[in-house]
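Analysis of the macromolecular model
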Amino acid sequence: MINIYNFGDFIDTRIISRGFNYYQNNHIISVEETEKNNFEAQIRGSSVYITSIELTEDLEISFCFCDCPYDYGVYCKHIVALLYYLSDYYDSFETNTKLFTANSDLSIVKDILAKIDKSEIVDFLINIADENEIVANKILLAFSDKSLSINYASRIIHNSINDAYVYTRNGSYLDIEAAIRGAESVLDRANELFVSDKLQAAKLAMVVIREMIDLYEENEYNYEASYCIEKAALIIEKSVSGIESKIEKDAILRDVIDLVSLVHHVLPEMSLDMLKYCVQIAEDSNRHLIESKLYLIENAFNMLDVSQYYEMQYLEQINLAKFELVKKFNSDVIIKEYIIANMKYPAFKEIAFNEAMKAKNYKEAIKLCTKWEQEDALSDRKINRWKNLRYRACKEANDLTQLKTLAQEFALRGEPSYFKELKEILNKEEWTYELSKLLNLMKNKKMHLSSTYREIIVYENLTEEIVNFARRKPDSITQLFTYLIDDYQEEVKQIYLDYIRREAKSATYRKQYRGVCKIILDFAKLSFYKRANCIVDELKKTYYRKPAFIDELSKVDRQLK
């Protein structure tokens, strides 16, 4: 098992190195022991992440979690940093080493600074900036004017990447974590500016994307650069939606369109999202810029060798972006023509359906869905989509004949929710008939052991059907006993015993033996303690040649006494 001392033998060496670097460089803001051997920490990276580790009495790792975006394994650098901390913490336990929490009280610092001459503070900051690149970057970004700030942002990111190359005897490699440090500084500044200057915040975010895109492409699409790009794109999106000045809207729209030209071949989905941001603030005078860029990325995409499914999905998104422009600047007639022209895409079929529903033209909506079901007869996924829509239209039209048929179809494919809705629409006599018809149909189709069948009979509280289901499928008794215990106590007892015997017969190793024993204990809790003792004795005699099983059964014996 992995514990706080041997974890380095089990985790990727790069993650170990980065985690140790985080620990050594004081990235851990706070650590709290929430329960005995359960720890929660705040660790500073590109954001502040919450990291949790739970340990056993032997200091083995029973659970760990971090809310950072790392998804290449269980252990990220933040978890490793906390493991290094805990390793030292437990090593020093005898000397009463205590956990620490973040100190957010800056009043003392403020009092000290208020008493110091400005020139002393300047000299002090210069010395710190000389020793610490991150501090120097923050000063450059915070206090230079806007145009210089953009230039400095680009230089800071560029220098961070260039300085991140590590040279060894066997060649060189790029320390990605060090490479993105400059981009993280710029993103921090962009977030600070967002409230007061959204345009400048967006411009800084664009610098990050321009500088990170090559790093992302050249280094196997690494997640660190990707995460910086995603954070920058989010700042741009929020900025676009928050800018009110017409001049600033036009400026940011043109900048975003220029950025799309740079990144669309690497991140086509993100490029499309950016153009969608632009649609929000487009004017009639600049809509042609968005349209021409949409056509450009569509033509570029058509030249790529991709699957037909992905091609349809992406082209659908492009045409949806165009549609937003059409809706914004054209008449209802042209909007309708555009929908019809793009009906090969599922999203536009759904738009047409919603338009018919909005106009309360339910017959037209049903007709459309029926037509699409026939067209997409070879795709179960698409047929289900159109049938779901048809059900909605039939419900609004109060078409009971189609509703009954569709609800039955949904139940037979494992979706009973629509069938349950019928109960609210039909009278008691009709509902009883439809329910009986469905259950018989499911039995004929050998679905009487399915979870759908069980869900329906439980929903209707059909105790006789429930007990028959439990007889046929004994393992279900652990969930169904609550519906049966009052009226079928002996049946519950017998089904439970059959289930225990069957599980015992198939058990071959200790974990499975423990599973059998847990079932016995659950059985005993139903006030069947005497019968539980009997089954334990029976199993001990039957499986006397399985010492591990006898051992586990003896533990149950002690708990029952």
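See the structure printed just above.
Because the structure is predicted, anything quoted here is derived from the model rather than measured.

Let us look at the pairing of strand 6 (residues 171–174). The pairing of strand 5 (residues 165–168) with strand 6 spans four bridges and is antiparallel. Bridge pairing links Val166 to Tyr173 in strand 6. Counting the residues that bridge the hairpin from strand 5 to strand 6 gives two residues.

Moving on to a nonpolar patch on the surface. Residues Ile108, Val109, Ile112, Leu113 and Ile116 make up a contiguous nonpolar surface patch of roughly 430 Å² in combined accessible area. Its place among the elements puts Ile116 in the loop between helix 3 (107–115) and helix 4 (118–131). The exposure class assigned to Ile116 is partly exposed, which follows from its relative accessible area of 32%.

Let us now look at the packing of helix 23 (residues 463–472) against helix 24 (residues 477–484). Two quantities define a packed helix pair, namely the angle between the helix axes and the distance between the axes. The geometry of helix 23 relative to helix 24 is characterised by a closest axis approach of 10 Å and an angle of 155 degrees between their N-to-C directions. Looking at the two axes, helix 23 sits roughly antiparallel to helix 24. Handedness of the helix 23/helix 24 crossing: left-handed. Contacts between helix 23 and helix 24 involve Thr463, Ile466, Val467, Phe469 and Ala470 on the former and, on the latter, Ile477, Leu480, Tyr483 and Leu484. Its residues assigned to classes, the contact of helix 23 with helix 24 comprises eight nonpolar, one polar and no charged.

The strand order across the open sheet formed by four strands is 1-2-3-4, and the pairing between neighbours is antiparallel. Here the strands that pair on one side only, and so sit at the sheet edges, are strand 1 (28–35) and strand 4 (61–66). Here the strands of the sheet are splayed against their neighbours by 15 degrees on average, with no regard to which way each runs. Along the sheet, helix 2 (residues 77–91) makes contact with strand 1, strand 2 (38–44), strand 3 (48–55) and strand 4, crossing strand 3 at roughly 50 degrees.

All right, on to unusual backbone geometry then. For Leu59, which is not glycine, the phi torsion reads 65 degrees and is therefore positive. Along the chain, Leu59 falls in the loop between strand 3 and strand 4. Since its relative accessible area comes to 15%, Leu59 is described here as buried. Notably, Lys446 is not glycine yet its phi reads approximately 60 degrees, a positive angle.

Let us now look at the pattern of salt bridges. Where charged atoms from two side chains of opposite charge approach closely, those side chains can pair. If you walk through the whole model with that rule in mind, you get 37 salt bridges. Salt-bridge contacts for Arg18 lead to Glu224; the nearest nitrogen and oxygen are separated by 2.6 Å. In this pair, Arg18 is assigned in helix 1 (residues 13–24) and Glu224 in helix 10 (residues 223–242), connecting sequence segments 206 residues apart. Comparing Arg18 with Glu224, the two get one shared label, buried.

So, how was this worked out
Residues numbered from 1 in each chain as written. Predicted model: local features only at pLDDT ≥ 70, side-chain atom pairs only at ≥ 80, totals over all residues. Heavy atoms only, no water. Pairing = 2+ DSSP bridges. Helix = DSSP H or I, 4+ residues; strand = E, 2+ residues; numbered from the N terminus. Patch = residues over 30% accessible without salt bridge, like charges linked within 9 Å, V, L, I, M, F, W, Y side chains within 5 Å. Areas by Shrake-Rupley, 256 points an atom, 1.4 Å probe, with all protein chains shown as cover. Salt bridge = Lys/Arg side-chain N within 4 Å of Asp/Glu carboxyl O. Buried < 20%, exposed > 50% of the residue type's maximum accessible area, 1.4 Å probe, protein only. Axes fitted to C-alpha atoms, helices over the stretch in contact; angles between N-to-C directions. Parallel < 35°, antiparallel > 145°, perpendicular 65-115°, else oblique. Left-handed = near helix turned anticlockwise from the far one by under 90°. Contact = heavy atoms within 4.5 Å. Nonpolar A, V, L, I, M, F, W, Y, C, P; charged D, E, K, R; others polar.

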